[in-house]
Amino acid sequence: MFAKFPVKALASRSRQFNSTGPNLNSIKQNFVVTILDGADKMGRNVALLLKQCPLISELRLYDRDKSICVIAEDLSHIDTNTKVTSYCGFGVLKHAVLDADLILSVGGCRQKAHECARHLFEKNVDNVRSAALHCIAFNPRAIFCVSNPPIEAFVPLVSEEYKKAGVYDARKIIGISSIGCMRAKYYVSLISGRDPSNVRCAIVGGISKNCLVACVSQSRPDKIHPHYHKIIQGAIHFAEDEALKMHGEHGSECLSSALAVSRFVNTQLKALRGETNCVDYAFVKQPAHIGLGHILPYMTTIVRLGRHGVLSAHMPKINGFEAHCLKRASMFIRENIRLGESFVTGEQKKGKSAVKKN
């Protein structure tokens, strides 16, 4: 099969399709992970972190940019057992996703503070949709994880494409929201003086600006005084903006986001291996359990991960202020969901003003 690949796509012996076939001695304790848009800043950072994951036997990097070959060669020098292979060019995308256990769509992060959800959607939609269509055609059983912003639009978009093809499984389409939890824990730790690694603070809603709600009232080990709840919510909403302003014209380095994504992937791989109590936060299809009089079809909640992706979703407790924040956030989330779904279904987009403000 590999002999049919274009010669131009084969840049070096160590980075190009050098697998000799499946390991017959493997009992599926190790997995194949594909990173799409691996030459992007986010993709490079995630690849560096996942190269060190002992659960990954092969890390595939795909991009249309030829620099992906250099990136894979560089990463292959890291002394771990994870093999790195590169796939360059749209023509080999199907081979990058074929037989992979987990497919990760990254890239297209905000580079300027003023970028809105619609602009990010238009910037990333072609890559996400083509990735989804290739997964549907060549590997519909893989777990498809999305971190491209806005995930509140892309998870519904990918879901609609899978529905059209008749291979939809809500458990396997996941929007990674771990960065929101990471930021919430950081700001709670600043107020409480606790070690952030020991802080627990759930998040709900979405992950984009104005969509995320931190459940500060339920934070552990110490509950934060209500006086600080609004301050922490505001700090989380503008955390990315502040970082982008500091980076200036160079744009975001995507360091914290990449670590959050890699942590989620590690947790999901542990669940694939059969480990229990694999819990994280993700933007996924929801049962009608949100209450508050405004049901959202997709939302960020606590998720328990299993062998087939999302095993269950759980809504944490929230107080009155957080319920008010979630009600407001639901307006932006719903508009992003409509934006993604309508791109596939062709239905007229409504409420554009809410999306532009996001």
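Scroll up a little and you will see the structure.
Read on for an overview of the structure.

Some points on the pairing of strand 3 (residues 83-88)
Okay, so step 1: Within strand 3, five of the six residues are buried, which leaves the element mostly enclosed by the surrounding structure.
Okay, so step 2: Judged from the six bridges that link them, strand 2 (residues 56-63) and strand 3 form a sheet pairing that is parallel. Directly across from Leu-61, in strand 3, lies its bridge partner Ser-86.
Okay, so step 3: Regarding the hand of the β-α-β motif, the stretch spanning strand 2, helix 2 (residues 67-76) and strand 3 is right-handed.

So, the packing of aromatic side chains
Okay, so step 1: Summed over the entire model, instances satisfying the criterion amount to four aromatic pairs.
Okay, so step 2: For the ring pair Tyr-186 and Tyr-187, a centre distance of 4.9 Å and an interplane angle of 65 degrees mean the geometry is edge-to-face.
Okay, so step 3: Take Tyr-186: its relative accessible area is 43%, and that puts it in the partly exposed class.
Okay, so step 4: The structure contains a cluster of three or more aromatic residues connected by ring pairs, namely Phe-121, Phe-154 and Phe-343.
Okay, so step 5: If you follow Lys-163 out to its NZ or CZ, it ends over the ring of Tyr-168, 5.1 Å from the centre.
Okay, so step 6: The positively charged end of Lys-285 is found above the aromatic ring belonging to Tyr-298, 5.0 Å away from the centroid.

As for a nonpolar patch on the surface
Okay, so step 1: On the surface, Tyr-186, Leu-190, Ile-191, Tyr-228 and Ile-231 cluster together into a nonpolar patch covering about 460 Å² of accessible area.
Okay, so step 2: At three residues, the largest contribution of residues to the nonpolar patch is made by helix 6 (residues 178-192).

A closer look at helix 2
Okay, so step 1: Every buried residue belonging to helix 2 is among Ile-68, Cys-69, Ile-71, Ala-72 and Leu-75, and all of these are buried. Mapping the buried residues of helix 2 onto a view down its axis gives an arc of 160 degrees, with all of them on the same face. Opposite the packed face of helix 2, turned more than 90 degrees from it, sit the exposed residues Val-70 and Asp-74.
Okay, so step 2: Where helix 2 is buried, its residues contact helix 1 (41-50), strand 2 and strand 3.

Section: the side chain of Ser-342
Okay, so step 1: If you trace the backbone, Ser-342 turns up in helix 10 (residues 320-345).
Okay, so step 2: At a separation of 3.2 Å, a polar atom in the side chain of Ser-342 contacts the main-chain carbonyl oxygen of Leu-339.

Rules used in this analysis
- Residues numbered from 1 in each chain as written.
- Predicted model: local features only at pLDDT ≥ 70, side-chain atom pairs only at ≥ 80, totals over all residues.
- Heavy atoms only, no water.
- Buried < 20%, exposed > 50% of the residue type's maximum accessible area, 1.4 Å probe, protein only.
- Helix = DSSP H or I, 4+ residues; strand = E, 2+ residues; numbered from the N terminus.
- Pairing = 2+ DSSP bridges.
- Right-handed = clockwise from strand over helix to strand, strands pointing away.
- Phe/Tyr/Trp six-rings, centres within 6.5 Å; stacked < 30°, edge-to-face > 60°.
- Lys NZ or Arg CZ within 6 Å of the ring centre and 35° of its normal.
- Patch = residues over 30% accessible without salt bridge, like charges linked within 9 Å, V, L, I, M, F, W, Y side chains within 5 Å.
- Areas by Shrake-Rupley, 256 points an atom, 1.4 Å probe, with all protein chains shown as cover.
- Salt bridge = Lys/Arg side-chain N within 4 Å of Asp/Glu carboxyl O.
- Arc of directions from axis to C-beta.
- Contact = heavy atoms within 4.5 Å.
- Polar contact = N/O pair within 3.5 Å; in protein donor to acceptor, adjacent residues only side chain to side chain.

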